[in-house]
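Spelled out from the first residue to the last, the chains are:
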Amino acid sequence: MTPTPLPRPFYSRDPRRVARALLGKVLLRDDGPLHLSARIVEVEAYLGKNDLAAHSAAGNTARTAVLFGPPGYAYVYFIYGNHYCLNVSCEPDGKPGGVLFRALEPLTGIDAMARARKINLSSPRDLRSLTSGPGRLAQAFGITRPRDNGLDLTSPSSTLWIGEDSFRPGKIQVTPRIGIRKAADHPLRYILAASPFVSGPKPRKA
DNA sequence: ATATCGATTATCT
DNA sequence: GATAATCGATATG
């Protein structure tokens, strides 16, 4: 079943509400013959105000302009000299805010994702390593700043967009955000508690 | 199993 | 000049 796109008003609100609502939705790459899709299982909210960890805290610059623009657009940044990470802009035009995609569950195009990640899928059989982590999922989807920053994620005619199908998420868990030094104590990370594709060490039985 | 570290560059101070 | 919304490799228990 093909997902239907999420409209712009979906993103035109507080990033915490967008983050929660995005869990269980689907990220799609449609680029010529390439068709990838994966379910969103882990996200983080970055607030426009009172959030020192957000890139928008440095003001509206060439780098962060998308975060200050209208909602529903891709903000892609480059970090640690190695990795791209994907966000979607939130809040109405003029107000910053965004949601970072931290982990996905691969649905279709798994072989192409493995190729993009340079992972041999046969022996470790570890689907988690494809899209579990913000840098990993960006690599699996071929997301870069030059290609994808500023794309409209509400339009299926974009090569990258977000849709919903009939999936209904189970229990949602909220934790502190990962990998930040500033404002590390706020509970702004949202995960599907039942998903084995959440980033971090492999879940272990109690 | 956890801990530490190098990679490599855009951005900000 | 220092730091960063990370990852993968290596070292150590």
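Here is a short report on the structure shown in this document. (Residues numbered from 1 in each chain as written. Chains lettered and ligands numbered in written order. Predicted model: local features only at pLDDT ≥ 70, side-chain atom pairs only at ≥ 80, totals over all residues. Heavy atoms only, no water.)

1. Some thoughts on the protein's contact with DNA strand B
(1) Moving on: Contacts to DNA strand B come from Thr61, Arg63, Phe78, Tyr80, Gly81 and Asn82.
(2) Moving on: Within 4 Å of the protein, the atoms of DNA strand B are drawn from sugar and phosphate moieties in a proportion of 60%.
(3) Moving on: Here tyrosine 80 contributes a backbone N or O atom positioned 2.4 Å from a base oxygen of DNA strand B.
(4) Moving on: Tallied by class, residues from the surface near DNA strand B come to two nonpolar, three polar and one charged. (Near = heavy atom within 4 Å. Polar contact = N/O pair within 3.5 Å; in protein donor to acceptor, adjacent residues only side chain to side chain. Nonpolar A, V, L, I, M, F, W, Y, C, P; charged D, E, K, R; others polar.)

2. Observations regarding the nonpolar core
(1) Moving on: Ranked by size, the top nonpolar core spans 44 residues in total, and within it Leu22, Phe101, Phe141 and Ile162 carry the most contacts.
(2) Moving on: The element contributing the most residues to this core is strand β3 (residues 34-47), with seven residues.
(3) Moving on: Look past the residues within four positions of isoleucine 162 in its chain and what remains in contact with it is Thr4, Pro5, Leu6, Tyr11, Leu22, Lys25, Val26, Leu27, Leu28, Ile40, Phe101 and Leu153.
(4) Moving on: Counting 11 residues, the second-largest nonpolar core is a separate cluster that includes Tyr46, Leu67, Tyr77 and Ala183. (Core = buried A, V, L, I, M, F, W, Y, C linked by side-chain atoms within 4.5 Å. Buried < 20%, exposed > 50% of the residue type's maximum accessible area, 1.4 Å probe, protein only. Helix = DSSP H or I, 4+ residues; strand = E, 2+ residues; numbered from the N terminus. Contact = heavy atoms within 4.5 Å.)

3. Some remarks on the environment of aspartate 14
(1) Moving on: You can see aspartate 14 is positioned in the loop between β1 (4-5) and α1 (15-22).
(2) Moving on: Sequence-wise, aspartate 14 and proline 92 are 78 residues apart; in three dimensions their C-alpha atoms are separated by 9.4 Å.
(3) Moving on: Leave out the neighbours within four places in its chain, and aspartate 14 touches Leu47 and Glu91.
(4) Moving on: A polar atom in the side chain of aspartate 14 sits 2.7 Å from the backbone nitrogen of arginine 16.

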